[in-house]
Amino acid sequence: RSFFHWVTRVFWGKQVEPSTYRWTGALFLRGLALVYLVAFISLIPQIIGLIGEHGILPARDYLETIRSEFGSNRYSIFPTLAWLNSSDAFIRAMCWGGAALAVALLIGIAPIPVAAALYLLYLSMNIVGQAFLSFQWDALLLEAGFAAILLAPSGLWPRYTAEPPKISRWVLRLLIFRLMLESGAVKLLSGDPTWRGLTALNFHYETQPLPTPLAWYAHKLPEALQKFSVGAVFFVELAVPFLFFMPRRLRIIGAWSTIVFQLIIAATGNYTFFNLLTIVLCIPLFDDQHFGRSSPLPL
């Protein structure tokens with residue numbers, strides 16, 4: 001009996017009580033709203049130059065090509081509101097509408113319909129954005145946005161008094177698990193000898209798309225430390241994700257390890273909202289008790 005008491009304290013903590021996720025659920029939705037806001041606001045000044053009527057890859061021409069090749073099936077294969085109107089004004093309006101809805105979700109207004117509308121708007125932009133919105137973080141935002149619909153509470157201005165559905169927590173847990181595990185697996189399966197030889201970071205900082213000022217200093221680190229860093233990357237991406245399904249304390253350790261890892265990446269390279277979104281996906285791994293919250297917060 002004393003042994004299992006020790007095991008319980010190690011893996012679950014001193015105070016064993018059922019975990020609640022009302023506060024972390026509300027925090028996750030606010031974090032996702034912030035990511036949506038960054039995504040839509042960043043599109044506003046550049047979207048017309050990219051896919052506008054006289055842009056690099058005009059949305060109107062793209063949709064016309066789809067229309068001729070897929071006929072009536074185009075609506076289900078390429079679902080986008082741009083089928084209604086692909087003018088510059090409408091595309092810009094979708095971006096501004098997405099930003100406004102993100103603010104509404106941030107405030108906590110009608111989470112379910114607002115989350116659904118945000119998903120629809122970003123899906124619409126993703127379809128007509130073509131190469132400019134086909135990055136990993138764009139697909140990840142859509143997946144997280146759909147999962148948010150399952151987690152969001154009903155009501156016009158809910159107080160988060162009810163526990164979010166368990167299925168929504170597991171969907172988000174599986175999403176962050178898959179993201180991190182695949183990030184490590186793809187490095188090994190790529191066949192790139194620099195990853196297997198632990199030398200990838202010897203040149204990563206100077207060849208990444210948008211290095212930050214700190215990347216210069218990271219590039220100058222000793223080679224032994226660079227190799228150790230690659231090993232740490234594999235540990236965080238291939239081993240830590242399994243902690244997401246472990247008892248409470250191990251799960252929290254896994255979440256914090258992933259958050260610190262993402263902050264280090266963001267400090268040395270600009271990957272738009274990718275790191276922020278990954279951190280937000282870690283929030284459902286925590287419970288209210290970890291943040292000292294045992295009652296719902298009127299967020």
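Residues numbered from 1 in each chain as written. Predicted model: local features only at pLDDT ≥ 70, side-chain atom pairs only at ≥ 80, totals over all residues. Heavy atoms only, no water.

Caption draft 1: Looking closely at the side chain of N275. Mapped onto the elements, N275 comes out in helix α15 (residues 274–282). Residues contacting N275, with those up to four places away along its chain left out, are Q262, I265, A266 and G269. (Helix = DSSP H or I, 4+ residues; strand = E, 2+ residues; numbered from the N terminus. Contact = heavy atoms within 4.5 Å.)

Caption draft 2: Broad picture of the packing of helix α2 (residues 22–43) against helix α6 (residues 88–107). In the contact formed by α2 and α6, the axes pass within 8 Å of each other and the chain directions differ by 160 degrees. It follows from the interaxial angle that α2 and α6 lie roughly antiparallel. The two elements α2 and α6 meet at a crossing, and its hand is left-handed. Contact residues: α2 offers L29, R30, A33, L34, Y36, L37, F40, I41 and L43, while α6 offers M94, C95, G98, A99, A102, V103, L105, L106 and I107. Its residues assigned to classes, the contact of α2 with α6 shows 16 nonpolar, 1 polar and 1 charged. (Axes fitted to C-alpha atoms, helices over the stretch in contact; angles between N-to-C directions. Parallel < 35°, antiparallel > 145°, perpendicular 65-115°, else oblique. Left-handed = near helix turned anticlockwise from the far one by under 90°. Nonpolar A, V, L, I, M, F, W, Y, C, P; charged D, E, K, R; others polar.)

Caption draft 3: Region of the structure containing the pattern of salt bridges. Evaluation of the coordinates by the stated rule reveals 7 salt bridges. Here E64 makes a salt bridge to R67, at a shortest N to O gap of 3.5 Å. With E64 and R67 both in helix α4 (residues 59–70) and 3 residues apart, this pair spans about one turn of that helix. The partly exposed category is assigned to R67, whose relative accessible area is 34%. A salt bridge links R178 to E143, with the nearest nitrogen and oxygen atoms 2.8 Å apart. Of this pair, R178 sits in helix α9 (residues 166–189) while E143 sits in helix α8 (residues 136–151), placing them 35 residues apart in sequence. Of the residues examined, R178 reaches a relative accessible area of 34% and is grouped as partly exposed. Given the relative accessible area of 31%, E143 is considered partly exposed. Residues joined in a network through salt bridges with shared partners are E143, R178 and E182. (Salt bridge = Lys/Arg side-chain N within 4 Å of Asp/Glu carboxyl O. Buried < 20%, exposed > 50% of the residue type's maximum accessible area, 1.4 Å probe, protein only.)

Caption draft 4: Seen up close, the packing of aromatic side chains. Taken as a whole, this structure holds 16 aromatic pairs when the rule is applied. For the ring pair F177 and F245, a centre distance of 4.9 Å and an interplane angle of 70 degrees mean the geometry is edge-to-face. Residue F177 is found in helix α9, and its partner F245 is found in the loop between α13 (223–239) and α14 (248–268); the two are separated by 68 residues along the sequence. For F177, a relative accessible area of 15% gives the class buried. A relative accessible area of 30% means that F245 is categorised as partly exposed. These aromatic residues form a ring-pair network of at least three members: W23, W256, F286 and F291. For the cation-ring pair, R173 lies above W170, with the distance from its terminal atom to the ring centre recorded as 4.8 Å. A cation over a ring is seen here: K187 above W195, with NZ or CZ 5.3 Å from the ring centre. (Phe/Tyr/Trp six-rings, centres within 6.5 Å; stacked < 30°, edge-to-face > 60°. Lys NZ or Arg CZ within 6 Å of the ring centre and 35° of its normal.)

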